[in-house]
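Coordinates in review
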Amino acid sequence: MPGPLVRGSKSKVGMIKGEVAIIGAGLTGLHLHYLLSKHGISSVLIEAKTRIGGRILTLKPDKAPPLEMGATWLDRSHLYLIRLLGELNLDIYPQRMDGRAFYEPDPRFPFQLVDLPKQGGSSYRIVGGTSAIIHALAEKVDPVKTFLNNQVELIRKVKEGMFVETTSQKFLVDKVVSTLPPHLFSKSIDVEPKLPEELTLIQKETHTWMGESIRMAIAYASPFWRNSKLSGTVFSNAGPVVELYDHSDFNDHAFALSGFIDNRFHSLSKEERLELILGQLEKYYGSTVRDYMSYHECDWQNEQFTFVPYDSYMAPHRNNGHPMYRQSYLEGRLYLAGTETAAKNPGYMEGAVYSAWDVYRQLISPTS
């Protein structure tokens, strides 16, 4: 059985102590940190990046709406996320869809303007941008217990509990929760004693949500795509943009188009991609597209603390929600969390929130 919880903040030799170390300050890590603090359990949040949020990244350039470079949408079936948004007093609004889309089924043939089938549910966005949930959670916890720019290199089970070593700090805690993408965890952190070989293999063969994505957004002074003969929605097999949506703000005061670039264009520069994108949009909208205010993108393959290359082809969502992620390891002292591990809605924000709840329940009632 695990020993008593280790309390305190710092030892005489500079060892930082606590009850739980949470690796990763994305949505799962911040939510778990918040849940534990409400329960009176001391936790430290360790993040390799110099910012919090993980794969939630909202840009707020001048005169543009909040531009999502990562997680964006939810729907009414995402009950854990919706409950958390309500608790944090955050509102949602429907993704604007005008009932039609530009569709390019094949690069050899011209695009078509097609009617979209009616869908049973609508997609929603968070008022103020997805990062609003990150900032709201951060305000609920002690910033002194958040350690940015600390890449975890080693997790070791010791007599006193769990020893965690980063590039600049050492921690001694009772339990560790990793919220990293499992594939990244397997490639970047040494664990002693070694984890089961079956788990390590599953980790290496787990798809990283958002990992290969290239998100783009282009801001305009007016929503010219709302013309009755146009659309702000695009689905294209020709690219470089494969999906595009009206990304205007909640108040409809600032306007943008945003979507995904085919990751085959990863090797190009940002400037080269932009020129190709403008050429693609010009087919649909004419030369107006070149009168843009600003262009932004995020190639998640370049985010070293999010994505590392796979050893072979990885199918989307592969091994997301695998049952092995719902077990604890190292005699109940190591837990794996994050959207890829979630038993419900893995690979979505809902999965990230649910995973935090699931691990929280295990931490407070380890035998239930």
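A few points on the structure. As the structure is a prediction and not an experimental result, all values here were calculated from the model.

1. Quick word on the overall build of the protein
The helix and strand inventory of the protein stands at 7 helices and 22 strands. For 368 residues, the compact-globule estimate of 2.2 N^0.38 gives 21 Å, and the protein sits close to it at 22 Å. By the burial criterion, 55% of the 368 residues in the protein qualify as buried. For the protein, long-range pairs separated by at least 24 residues make up 70% of all intrachain contacts whose partners lie at least 6 apart in sequence. Accessible surface for the protein amounts to roughly 16800 Å². Of this, 50% is attributable to carbon and sulfur atoms.

2. Concerning the sheet that holds strand E13 (residues 170-173)
With mixed pairing, the 5 strands of this open sheet are ordered in space as E1-E13-E12-E11-E15. Two strands close off the open sheet at either side, each with one partner strand: strand E1 (16-17) and strand E15 (190-192).

3. Description of helix H1 (residues 27-38)
Given a rise of 1.5 Å per residue, 12 residues ought to cover 16 Å, and the 17 Å separating the end C-alpha atoms of H1 matches this to within 8%. Counting buried residues along H1, 10 of its 12 residues qualify, which places the element largely inside the surrounding structure. Taken together, the buried positions of H1 are occupied by Leu-27, Thr-28, Gly-29, Leu-30, His-31, Leu-32, His-33, Tyr-34, Leu-35 and Leu-36. A positive phi of about 80 degrees marks Gly-40, the residue just after H1.

4. With respect to unusual backbone geometry
The peptide bond linking Glu-192 to Pro-193 adopts the cis configuration, its omega dihedral lying at -5 degrees. Tracing the sequence through the fold places Pro-193 in the loop between E15 and helix H5 (197-204). Of the consecutive residues Gly-239 and Pro-240, the connecting peptide bond is found in the cis state with omega at 5 degrees. Note that Pro-240 resides in the loop between strand E17 (234-236) and strand E18 (241-246). Phi is positive for Lys-63, close to 65 degrees, though the residue is something other than glycine. By the element assignment, Lys-63 lies in the loop between strand E4 (58-59) and strand E5 (67-68).

5. Side note on helix H3 (residues 131-138)
At 3.6 residues per turn, the α-helix brings residues three or four places apart onto the same side. Among the 8 residues of H3, 6 are classified as buried, and the element is accordingly described as predominantly covered. Within the span of H3, buried status applies to Ser-131, Ala-132, Ile-133, Ile-134, Ala-136 and Leu-137. Contacts made by the buried residues of H3 are with H1, E4, helix H2 (79-87) and strand E9 (124-126).

6. Considering the sheet that holds strand E2 (residues 20-23)
Reading across from one edge, E10-E3-E2-E14-E22-E21 is the order of the 6 strands in this open sheet, with mixed pairing throughout. Looking along the sheet, the strands with just one partner apiece sit at the ends: strand E10 (146-147) and strand E21 (328-329). Judged from the 4 bridges that link them, E2 and strand E14 (residues 175-178) form a sheet pairing that is parallel. Looking at E14, one finds that Ala-21 is bridged to Val-176. Contacting E2, strand E3 (43-46), E10 and E14, H1 crosses the sheet at an angle of about 165 degrees to E3.

7. Considering the packing of H1 against H3
Relative orientation of the contacting elements H1 and H3 amounts to 30 degrees, with a least axis distance of 9 Å. With respect to H3, the axis of H1 lies roughly parallel. Where H1 crosses over H3, the handedness of that crossing is left-handed. In this structure, H1 uses Leu-27, Leu-30, His-31 and Tyr-34 to contact H3, whose residues at the interface are Ile-133, Ile-134, Leu-137 and Ala-138. For the contact of H1 with H3, the per-class residue count stands at 7 nonpolar, 1 polar and no charged.

8. Overview of the side chain of Thr-341
When you line up the elements, Thr-341 lands in the loop between strand E22 (334-336) and helix H7 (349-364). Under the relative-accessibility criterion, Thr-341 is labelled buried at 4%. A polar contact of 2.8 Å, which involves the side chain of Thr-341, links it to the backbone oxygen of Gly-338. Setting aside residues no more than four positions away along its own chain, Thr-341 makes contact with Pro-182, Gly-321, Tyr-325, Arg-326, Leu-336 and Ser-355.

Thresholds applied
Residues numbered from 1 in each chain as written. Predicted model: local features only at pLDDT ≥ 70, side-chain atom pairs only at ≥ 80, totals over all residues. Heavy atoms only, no water. Helix = DSSP H or I, 4+ residues; strand = E, 2+ residues; numbered from the N terminus. Rg over C-alpha atoms; globule rule 2.2 N^0.38 Å. Buried < 20%, exposed > 50% of the residue type's maximum accessible area, 1.4 Å probe, protein only. Contact = heavy atoms within 4.5 Å. Areas by Shrake-Rupley, 256 points an atom, 1.4 Å probe, with all protein chains shown as cover. Pairing = 2+ DSSP bridges. Expected span 1.5 Å × (residues − 1). Axes fitted to C-alpha atoms, helices over the stretch in contact; angles between N-to-C directions. Parallel < 35°, antiparallel > 145°, perpendicular 65-115°, else oblique. Left-handed = near helix turned anticlockwise from the far one by under 90°. Nonpolar A, V, L, I, M, F, W, Y, C, P; charged D, E, K, R; others polar. Polar contact = N/O pair within 3.5 Å; in protein donor to acceptor, adjacent residues only side chain to side chain.

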